[in-house]
Amino acid sequence: MSASVLVVGAGPAGLILALSLLQNGVSVRIIDKEISHHIGERGAGMMPRTLELHNFLGTLPDILKIADDVPKRRSYELPGGTKILTEQDMSAYFEPTSSTPYSNPISIGQNYQEEILRAHIRKYGVEVELGTALEDLQQYGDHVTARLIRTTNGEAISEVANFPYLVGADGPRSVVRKKLGLSFAGESIEGVTIRIGDIIIKNGLGTKLVWHFWGDLQSKLVALRRSGQDANVYCFWIVGIDLSHVTITSGRNDLIKAIEEITERKDIEFGDIIWTGDYKASARMVDKFHLGRVFVSGDAAHCHTPSGAQGMNSSSQDSFNLGWKLALVVKGLAPPSLLDTYDEERVPVIAEVLKRTTEMMKQTIKSKDVKEAEAAWNRGSEMFMLGVNYRGSSIILDDGPNFEKNIGSAYSIESSAAARAGDRAPDASDLLQIFPSKEETSLFRLYGTSYHTVLVFGGSEEQHRALRAIVDKQPEGTVKSALIVHKHEEEASVSTDFDVVLVDCLGYTYGGYRMSSEGGLNVVVIRPDGVVGARVTNLDNVETYFSRVFL
């Protein structure tokens, strides 16, 4: 077997999974049935939790280099189409903090995100195999047999290959999901026609980064959003109950005519259509995310209404949750049962996301006037996904007081900064590393996609030695330890019991992780996906947590 994992589909979900596995030393093949890379803006809204994901992967600097702010929403009065009725932010602005340095969504075309991910994957000598489709799969005790069809210069070449594991990130019409026979239950919002795509606009809408709206969803609506990366490229939405699907899909001239009729604007100069397609406003998901050695991720596992910009972000987080677990199992360092927690952790999150976004879509459609529409389009910070948590997971462990396992898995504002087991791990800035070398750093720079990070607060030298022994018993290279000390303890704190010793210069780490300076030993274990795996005061519980992860 030439690769340990076959990834089917090269959108964000497939690419993020492939990169995560490669960073963990796992060999990968990634295929896509399309003969060229995806084009178009598509899922351009990137939420703060996904920015953190890219930070861990090392792709964030490239993304921030070209990303733009989320555009304002501007609506125009009809008839006329030129008078501005309202202009509002899609969500309030939040100042970055020590614990949340990426506090606001950004806009980056999905095609650009994918290009960046492919560039990082290429560093490992792996290329996306275009024009290669999965035709069939069969599972056996120790591998999956895949039948692939590769099209080159119009010629179809069949290949049969074996892989220990296979992951389908192949979109809402997923071949992998269908071959597994997984259910895809949910609902479609009937009666609403949606046509989306990208088009060149040469003149007529100015140069400001704005999302322009005409009409309403009660009848017909046009939305034109300028790309943050390509000044003349606009993502378009033509939506409505009274739309003729035949008309808007019959060709460029008819589509532009429909836009002009709805907007009542003849002054907008259109160029070529870059791509276009139908969008089905559906909310569906599988009841489980894997069967045996085969998994589904992203749109193959769930599809969303466009409200809230949660689809691409949820898909990315699926793959980030699966990547480190699958890597440990492939390398023989964790039991296959660890993979069951992929379903256990992601199914309740996606169920809650779908419920919320479907309600938002229905509210938007029902909006009868501008005021209601503005309220429906406004996005609160709960949509930033910082509150996504896995507190109900069977592998997390928290022996602290007042720990609540059931607080809502997707939109819990409480869990976004609580740093309890199952929550996102906050960042903390203004740390001074004093061992093994001296440098300024932050917690996010300490965490990594291929190892757990053990943060140690307080405790005696005897407890520190005992903890070192526990860390040393874990598989080599899978756990790093860091002692966090106060500024006044700096001179007496250099210890070889830890991989790193950090001085909490301004108290951000103790504060962000809700630690008392007067308390005894506290240990926080951060998973490779940036989630608090354990928060304990008892060293036996540190061993218990690792026994749930490693063999």
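Nothing here was measured: the structure is a model prediction, and the numbers come from that model.

Within the chain one finds 15 helices and 29 strands. Relative to the 2.2 N^0.38 estimate, which gives 24 Å for 551 residues, the radius of gyration of the chain is 25 Å and therefore close to what a compact globule would have. Along the three orthogonal principal directions, the C-alpha set of the chain runs to about 75 × 55 × 40 Å. Taking the contacts inside the chain whose residues are at least 6 apart along the sequence as the reference set, 70% of them involve residues at least 24 apart. Total accessible area on the chain stands at roughly 22,100 Å², and carbon and sulfur atoms take up 49% of it. Charge separation in the chain, taken as the distance between the mean sites of 57 positive and 71 negative side-chain charges, equals 4 Å.

Where two aromatic rings form a pair, the distance of their centres and the angle of their planes describe that pair. Evaluation of the coordinates by the stated rule reveals 15 aromatic pairs. Aromatic pair W237 and Y279: ring centres 5.5 Å apart, planes at 45 degrees, arrangement tilted. Taken together, the residues span a long stretch of sequence, with W237 in strand β16 (residues 233–240) and Y279 in the loop between β17 (269–278) and β18 (282–285) at a distance of 42 residues. Judged by relative accessible area, which is 23%, Y279 ranks as partly exposed. Relative to Y342, the ring of F295 lies with its centre 6.2 Å away and its plane at 55 degrees, an arrangement referred to as tilted. Note that F295 is positioned in strand β20 (residues 294–296) and Y342 in helix α9 (residues 340–366), a separation of 47 residues in sequence. In this structure, F295 and Y342 share a single accessibility class: buried. One aromatic cluster is present, formed by F56, F320, F444 and Y447 through successive ring pairs. Above the plane of the ring of W211 lies R225, whose end atom (NZ or CZ) is 5.6 Å from the centre.

Judged by pairing direction, the sheet is mixed, and its 8 strands sit side by side in the order β22-β29-β28-β25-β26-β27-β23-β24 without closing on themselves. Strands with a single pairing partner mark the edges of an open sheet, and in this sheet they are β22 (397–398) and β24 (439–441). Note: strand β25 (residues 452–457) against strand β28 (residues 522–526), 5 bridges, orientation antiparallel. Its bridge partner lying in β28, T453 is registered against I526. Of the strands in this sheet, β25, β26 (479–486) and β28 touch helix α13 (residues 461–472), which is tilted by about 175 degrees from β25.

Relative to the assigned elements, S316 resides in helix α8 (residues 311–330). Here S316 falls in the buried class, since its relative accessible area comes to 0%. Residues S316 and I238, spaced 78 residues apart in sequence, show a C-alpha to C-alpha distance of 27 Å.

What follows is about the sheet that holds strand β10 (residues 155–163). Pairing in this open sheet of 3 strands is antiparallel, and the strands run β8-β9-β10 from one edge to the other. The open sheet has two free edges, formed respectively by β8 (132–139) and β10, since each of these has just one partner strand. Between one strand axis and the next, the sheet turns through 20 degrees on average, direction left out of account. Where strand β9 (residues 144–152) meets β10, 9 bridges bridge the pair, whose relative direction is antiparallel. Following the sheet pairing, L148 is matched in β10 by E159.

Turning next to the nonpolar core. Counting 116 residues, the largest nonpolar core has L166, Y447, L455 and Y513 as the members making the most contacts within it. Take this core: its biggest share by element is 8 residues, from α8. Residues contacting Y447, with those up to four places away along its chain left out, are F56, A425, P426, T453, L455, Y513 and I526. In this structure, I201, W214, F236 and I262 belong to the second largest nonpolar core, which totals 17 residues.

Any two side chains of opposite charge can pair, so long as their charged atoms come close to each other. For the structure shown, the criterion picks out 27 salt bridges. R225 is the salt-bridge partner of E41, the closest N and O atoms lying 2.9 Å from each other. Remark: R225 occurs in strand β15 (residues 220–226) and E41 occurs in the loop between β2 (28–31) and β3 (45–46); sequence separation between them is 184 residues. R225 matches E41 in its accessibility class, with the two residues each being buried. With its nearest N and O atoms 2.9 Å apart, the salt bridge here joins E87 to K208. Here E87, found in strand β6 (residues 84–88), pairs with K208, found in the loop between β13 (193–203) and β14 (210–215); they are 121 residues apart in sequence, far enough to count as distant. Under the relative-accessibility criterion, K208 is labelled partly exposed at 42%. Among the charged side chains, a salt-bridge network with shared partners connects R29, E129, R150 and E159.

Here strand β1 (residues 5–8) shows two buried faces, one formed by V5 and V7 and the other by L6 and V8. Two elements, β1 and β2, share 4 bridges in a ladder whose sense is parallel. Of the residues in β2, the one forming a bridge with V5 is V28. Following the backbone out of β1, through helix α1 (residues 12–23) and into the adjacent parallel β2, one traces a crossover that is right-handed.

Quick look at the environment of Q110 now. Mapping Q110 onto the fold places it in helix α4 (residues 110–122). Its relative accessible area of 13% is what places Q110 among the buried residues. As a C-alpha pair, Q110 and S91 span 19 residues in sequence and 20 Å in three-dimensional space. If near-sequence neighbours (up to four positions away) are discounted, Q110 is found in contact with P12, G40, E41, R42, G43 and M312.

Thresholds, definitions, all that
- Residues numbered from 1 in each chain as written.
- Predicted model: local features only at pLDDT ≥ 70, side-chain atom pairs only at ≥ 80, totals over all residues.
- Heavy atoms only, no water.
- Helix = DSSP H or I, 4+ residues; strand = E, 2+ residues; numbered from the N terminus.
- Rg over C-alpha atoms; globule rule 2.2 N^0.38 Å.
- Contact = heavy atoms within 4.5 Å.
- Areas by Shrake-Rupley, 256 points an atom, 1.4 Å probe, with all protein chains shown as cover.
- Lys, Arg positive; Asp, Glu negative; His and termini not counted.
- Charge placed at Lys NZ, Arg CZ, Asp CG, Glu CD.
- Phe/Tyr/Trp six-rings, centres within 6.5 Å; stacked < 30°, edge-to-face > 60°.
- Buried < 20%, exposed > 50% of the residue type's maximum accessible area, 1.4 Å probe, protein only.
- Lys NZ or Arg CZ within 6 Å of the ring centre and 35° of its normal.
- Pairing = 2+ DSSP bridges.
- Axes fitted to C-alpha atoms, helices over the stretch in contact; angles between N-to-C directions.
- Core = buried A, V, L, I, M, F, W, Y, C linked by side-chain atoms within 4.5 Å.
- Salt bridge = Lys/Arg side-chain N within 4 Å of Asp/Glu carboxyl O.
- Right-handed = clockwise from strand over helix to strand, strands pointing away.

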